[in-house]
Every structure is written in C-alpha cells, then in structure tokens.
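Listed below are the residues making up each chain.
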Amino acid sequence: MDKHLIRPYGDRKDDGVIQLSFVLPVPAGEKAKEAAAQVAKKLGLSHVLVATCEPAGGDYSFFVVYGRTHMQLDYNAIEVPVVVHRKHGFDELNDVIKRDLQRRIVVVGACIGTDSHTTGIDAIMNMKGFAGDYGLERYPGFRAINMGSQVEPAPARRAQGGRARADRSGKARGNLREDDLPLRRSARRSQDRARAWIRRRIRAGNEAERRG
Ligand code: B12
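Residues numbered from 1 in each chain as written. Predicted model: local features only at pLDDT ≥ 70, side-chain atom pairs only at ≥ 80, totals over all residues.

Undergrad: Lay out the overall build of the protein chain in plain terms, naming residues and giving numbers.
TA: For the protein chain, the count of helices and strands is 5 helices and 7 strands. Along the protein chain, helices (α) and strands (β) appear in the sequence β-β-α-β-β-β-α-β-α-β-α-α when read from the amino end. Counting only residues that meet the buried cut, the protein chain has 11% of its 212 residues in that class. Long-range pairs, those at least 24 residues apart, make up 54% of the contacts in the protein chain between residues at least 6 apart in sequence. (Helix = DSSP H or I, 4+ residues; strand = E, 2+ residues; numbered from the N terminus. Buried ≥ 20, exposed ≤ 12 C-beta atoms within 10 Å, placed from the backbone. Contact = placed C-beta atoms within 7 Å.)

Undergrad: Talk me through the nonpolar core; I want residue IDs and the actual numbers.
TA: Residues Ala36, Ala40, Leu45, Phe63 and Val65 constitute the largest nonpolar core, which totals 5 residues. Excluding its chain neighbours within four sequence positions, the residues that come into contact with Ala36 are Leu24, Val50, Cys53, Phe63 and Val65. (Core = buried A, V, L, I, M, F, W, Y, C linked by C-beta atoms within 7 Å.)

Undergrad: I'd like a rundown of the environment of Tyr9, residues and numbers included.
TA: Turning to its location among the elements, Tyr9 is positioned in the loop between β1 (5-6) and β2 (17-24). For Tyr9 and Thr69, which are 60 residues apart along the polypeptide, the C-alpha to C-alpha distance reads 8.9 Å. Filtering out sequence-adjacent residues up to four positions away, Tyr9 remains in contact with Asp14, Asp15, Gly16 and Val17.

Undergrad: Explain the sheet that holds strand β3 (residues 46-55) to me, using residue names and the numbers behind them.
TA: The strands making up a sheet are joined through hydrogen bonds of the backbone, oriented either antiparallel or parallel. What the 3 strands build is an open sheet, ordered β2-β4-β3; its pairing is antiparallel. Strands at the two margins of the open sheet, each flanked by one partner only, are β2 and β3. Mean inter-strand twist for the sheet, computed between neighbouring axes without regard to direction, equals 20 degrees. Direction of pairing for β3 relative to strand β4 (residues 61-68): antiparallel, over a ladder of 7 bridges. The residue bridging Ser46 from the neighbouring strand is Arg68, located in β4. Together, β2, β3 and β4 form the strand contacts of helix α1 (residues 30-42), whose direction differs from that of β3 by roughly 140 degrees. (Pairing = 2+ DSSP bridges. Axes fitted to C-alpha atoms, helices over the stretch in contact; angles between N-to-C directions.)

Undergrad: Explain the site of the ligand to me, using residue names and the numbers behind them.
TA: If you check the shell around the ligand, you find Thr114, Asp115, Ser116, His117, Thr118, Thr119, Gly120, Ile121, Ala123, Ile124 and Phe130 and nothing else. Of the residues that constitute the shell around the ligand, the class distribution is 4 nonpolar, 6 polar and 1 charged. (Near = placed C-beta within 6 Å. Nonpolar A, V, L, I, M, F, W, Y, C, P; charged D, E, K, R; others polar.)

Undergrad: Go over unusual backbone geometry with me, naming the residues and quoting the values.
TA: Even without glycine at this site, Asp14 takes up a positive phi of about 75 degrees. At Ala131, a position not held by glycine, the phi torsion is positive, near 50 degrees. By secondary structure assignment, the location of Ala131 is in the loop between α3 (118-125) and β7 (142-146). Here Ala131 falls in the exposed class, since 5 other C-beta atoms lie within 10 Å of it.

Undergrad: Outline the environment of Val48, listing residues and values.
TA: Position of Val48 relative to the elements: it lies in strand β3. Residue classification places Val48 among the partly exposed positions, given that 17 C-beta atoms sit within 10 Å. Sequence-distant contacts of Val48, that is, excluding residues within four places in its chain, are made with Ala37, Ala40, Lys41, Val65 and Gly67.

Undergrad: Give me the pairing of strand β6 (residues 105-109): which residues, what numbers.
TA: The pairing of β6 with β7 spans 5 bridges and is parallel. Paired with Val107 across the strands is Ala144, a residue of β7.

Undergrad: Tell me about the environment of Tyr139, residues and numbers included.
TA: Within the element layout of this structure, Tyr139 appears in the loop between α3 and β7. Spatially, the C-alpha atoms of Tyr139 and Asn94 are 6.8 Å apart, while their sequence positions differ by 45 residues. Once you skip the residues sitting within four places of it in the chain, Tyr139 turns out to touch Phe90, Leu93, Asn94 and Tyr134.

If you want it as structure tokens, here you go:
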C-alpha cells in the first residue's frame, strides 16, 4: 500500500508547528520562560516560541508555547479495529424484552467507593438520556434504579466477585479468606443495605405502576 505521510501543521501545510500548554511549579518571570522553552526543546521541538507566561497562583506559571516538530507518520499504516454493531431502536428493544424475557430488566447503577462521577451513570439511566439516546428510565422494558454516588461497595463486590455469600448468621462462604472476617461482616452489612434499598425502590415502583 502507498504511504500517506502526514505531520501536524499551524500556518502552512507540513510546517510542523504545534501549540502546547502546560503549567510549571515556578513563579512567572524570565527564568520561568526559559524553563518552558527548555521543556519544549527537550520534547524535540525546534523554533520554540513561548507565547504566554502567566502566573497561576503564587508559585506556579501557565505557558502557551509554539514549536516545530519534524516527525511524520504513515496514515495508511494505522490500523484501528472498528466495532460493527446494529443499534436497536426504542420500540424494538422493548418488544424483544417483552417477547423473550416476559419481565422487566432491573438495572442498578451506582458510582462506587469514593467515586462521585454521577454524570456518566445519569446519562445512561436518566429519562432524558444523552447524545440523542433515551436513558433506561424511559424504556418500559427496564426498571432503572440509580443509587447515586459514593455507594459503599468494595467489600460487597469482593465477596460477590469471589462467588462468596455472607449469610445472615454472619458466616461467609465461598473463597473469602480466614483473615477476611471484618470484611465479611462489612460485606454482609453493605449487601444487606443495598438489597434493602433496592427492594424499597422496586416496591415503590410497583405501587406507582399499580396507581397507574
Ligand atoms: C465532570 C468531571 C468531574 C466532576 C464530576 C461531576 C459529576 N457529578 O459527575 C468533578 C469535578 C466532581 C470531578 C472530580 C474528580 N475527577 Co473528574 N472528571 C470529569 C470529566 C471532565 C467529565 C466526566 C463526564 O461527566 N463526562 C460526561 C459523561 C456523559 O461521560 P462519561 O463519564 O464518559 O460516561 C459515559 C461513558 O463513559 C459510559 N459509562 C460511564 N460509566 C459507565 C458504567 C457502565 C457500567 C457502562 C456500561 C458505561 C459507562 O457511558 C456514559 C454515557 O455515554 C472527566 C474527563 C473527561 N473528559 O472524561 C474527568 C475525570 C473522569 N476525572 C478524573 C479525576 C482524576 C477526578 C478527581 C479525582 C480529581 C481530583 N484530583 O480531585 C475528582 C474525583 C472526585 C470523586 N470523589 O469522584 C479523571 C479520572 C482519571 C481516571 N481514569 O482515573 C478524569 C478522566 C480526568 C482526567 N483525565 O484526569 N470530575
């Protein structure tokens, strides 16, 4: 296959000019500018120009730097696997669930541990959806339960991942280790709490459905 060589450019095609922005942990000034220029040179750039040097807090500086790269790459040599899949429409998906499962699919979403990045989960679950797709709450075929953020999961996940079950008497089965006793207790507690929460949500959903 013929090569298709490309390189970045700024003003004229193939001039190799790129723009970088970064922060250095030094106060703004002439010495800081020289440090920024050296960063760009050490990255392999030539014709380096420090366009911006601004204080970013007391002992930090923000830089915008231009320079020329001499690299080029063969665009034709890049291979990226493309996942080909058929997208199911709203009605089609609900019909398949109704026909093949004859019950609603319950999806529980949560940001676990200390994670508070709820936007991604909300995008999947919320009625209004994201990027042109409805969220699961909109589908009659799904019951979407969004537990929100910072849900305590780690022990429960470990217990489940290890195919272990902590039963109500406090005895854990499966492949949790002997020294996992505090973990077992905590796993049991967080599993129980999560199950109770989900049960309450399902009950509330059923009642709302009954009321119409
Ligand atoms: C907004 C944001 C925040 C907001 C979150 C607000 C909120 N309520 O959600 C705030 C400011 C709180 C935040 C904080 C932090 N953040 Co932040 N944040 C982002 C940011 C800029 C955008 C995320 C977002 O909302 N995108 C829009 C949604 C719609 O897209 P999405 O999250 O990718 O979700 C989609 C898919 O990924 C997928 N998906 C997501 N989850 C799941 C789950 C399943 C099961 C499936 C199937 C699919 C799926 O479907 C979603 C819809 O398409 C990203 C960088 C980025 N551009 O992605 C960093 C980023 C996620 N954050 C990061 C970090 C490091 C942090 C902090 C630790 C920073 C700090 N030092 O304090 C804290 C952690 C706070 C905490 N306790 O969790 C890193 C994570 C790095 C990593 N891989 O570990 C990122 C990638 C930025 C980076 N490059 O460093 N953050």
